[in-house]
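Coordinates in review
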Amino acid sequence: MERVVIIGSGCAGWTAALYTARANLKPLVLTGTQPGGLLTTTTIVENYPGFPEGINGYELMVRLQKQAERFGARVEFGTVEAVDLSRQPLQLTVDGAAVEAETIIIASGASHRHLGLESETKLETRGVTYCATCDGALPIFRDKPLVVVGGGDSACEEALYLTRFGSTVYLVHRRDQLRASKIMAERALGHAKIKPVWDCVLTEILDVSQNRVTGVRLKNVKTQAETLLDCAGVFVAIGHIPNTQVFKGQIDMDAHGYITPRRGSLTNVPGVFAAGDCADSVYRQAVTAAGMGCAAAIDAERHLAARNE
Ligand code: NAP
């Protein structure tokens with residue numbers, strides 16, 4: 001039986017692993033389908049303390065993993081398919097195999113939100129993507145007009161990154177004001193290649209019949225007017241959905257699926273703790289996720305110590 005199982009390998013998961021490893025609990029980290037989490041798909045992280053020049057997101061995660069492993073954390077490439085948290089030890093099914101744990105730290109992060117268009121699904125990997133860092137350099141996007149959807153920091157970051165490849169980057173936002181932080185908004189709107197398209201939503205991505213992206217159909221939400229915009233790629237950056245479906249009905253969460261801890265990282269189930277983006281709809285920063293991972297590790301360690309007394 002495992003003393004601590006950490007579900008997720010982003011900033012929260014690795015920090016929880018580092019702390020529980022240093023407490024000699026030999027944590028097992030289950031990576032999920034995206035080892036390193038969403039941060040591995042970003043370019044430079046400029047707001048993680050201690051890196052004055054910024055650090056590549058992927059490199060940051062590799063360093064966190066190495067640091068946790070140095071103290072005895074174990075890593076398994078695996079996805080949690082089911083849980084039974086109604087009895088002790090806590091039961092997990094990981095890629096078909098049963099795993100028992102005294103404590104679990106849920107650090108399962110969040111995934112990209114989709115627009116919900118049929119054409120979006122059909123053209124995914126055919127010019128529709130959720131990650132400029134992963135796909136921006138593909139030949140199909142070179143020197144072509146590109147569309148980024150969204151008005152937050154992610155959309156600005158994606159748009160700025162894509163200026164290296166696209167001829168023009170249209171930043172399509174459903175309002176006339178960005179949600180992004182001031183510094184990111186100023187950078188994006190000040191870039192010669194980025195053109196904002198305000199008050200518009202995508203109603204269709206063209207052209208499913210050609211099996212590639214040739215443009216988008218836009219609707220102005222104020223005037224209801226429809227227009228067509230030619231582009232070779234659509235980069236969707238409209239936020240995230242917490243990866244908590246597997247815990248539904250067992251762990252308390254809000255209407256959007258974010259885990260709602262009771263106190264600190266403690267969930268409604270004794271021995272189950274939550275950290276990072278899966279339990280944070282407010283701050284959602286790499287450094288806050290790391291801090292939550294630390295708190296969850298300390299809470300798990302105290303829980304185990306109290307049980308053994
Ligand atoms: P976000 O801040 O939630 O922004 C999502 C954006 O997408 C909003 O502008 C929203 O519009 C729009 N949107 C949501 N659903 C939509 C839909 N169905 N159709 C069209 N537009 C839709 O998400 P995020 O940009 O991914 O950022 C998440 C967190 O990570 C934030 O806390 C952010 O600060 C952080 N982050 C930081 C950095 C950085 O500092 N460099 C980089 C990336 C992310 P409305 O504005 O109208 O709601």
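The structure reproduced in this document is the subject of the present report.

Scoring rules and cut-offs
- Residues numbered from 1 in each chain as written.
- Predicted model: local features only at pLDDT ≥ 70, side-chain atom pairs only at ≥ 80, totals over all residues.
- Heavy atoms only, no water.
- Near = heavy atom within 4 Å.
- Polar contact = N/O pair within 3.5 Å; in protein donor to acceptor, adjacent residues only side chain to side chain.
- Areas by Shrake-Rupley, 256 points an atom, 1.4 Å probe, with all protein chains shown as cover.
- Helix = DSSP H or I, 4+ residues; strand = E, 2+ residues; numbered from the N terminus.
- Nonpolar A, V, L, I, M, F, W, Y, C, P; charged D, E, K, R; others polar.
- Domains from an automatic or database assignment.
- Expected span 1.5 Å × (residues − 1).
- Buried < 20%, exposed > 50% of the residue type's maximum accessible area, 1.4 Å probe, protein only.
- Contact = heavy atoms within 4.5 Å.

To continue, consider the site of the ligand. Residues in contact with the ligand amount to 17 residues; listed here are only the nearest, D153, S154, R174, R175 and R179. G151 has a polar backbone atom sitting 3.1 Å from an oxygen atom of the ligand. Separating an oxygen atom of the ligand from a backbone N or O atom of Y283 is a distance of 3.4 Å. Protein chains shield 80% of the accessible area of the ligand, which is 920 Å² for the free molecule. Top contributing element to the shell around the ligand by residue count: helix α5 (residues 153-162), with three residues. Among the residues forming the shell around the ligand, the class breakdown is two nonpolar, nine polar and six charged. Taken domain by domain, the makeup of the shell around the ligand includes at least three residues from each of domain 1 (2-111 + 240-307) and domain 2 (114-236).

The terminal C-alpha atoms of helix α7 (residues 286-308), which comprises 23 residues, lie 33 Å apart, in line with the 33 Å expected from a rise of 1.5 Å per residue. Of all the residues in α7, the buried ones are A286, A289, A290, G293, C294, A296, A297, D299, A300, H303 and L304. Buried residues along α7 sit in contact with β1 (2-7), α1 (11-22), β8 (97-106) and β19 (272-274).

Before going further, it helps to spend a moment on the side chain of T31. Mapping T31 onto the fold places it in the loop between β2 (28-30) and β3 (44-45). With near-sequence residues (within four places) excluded, T31 lies in contact with G8, S9, V75, E76, F77 and G78.

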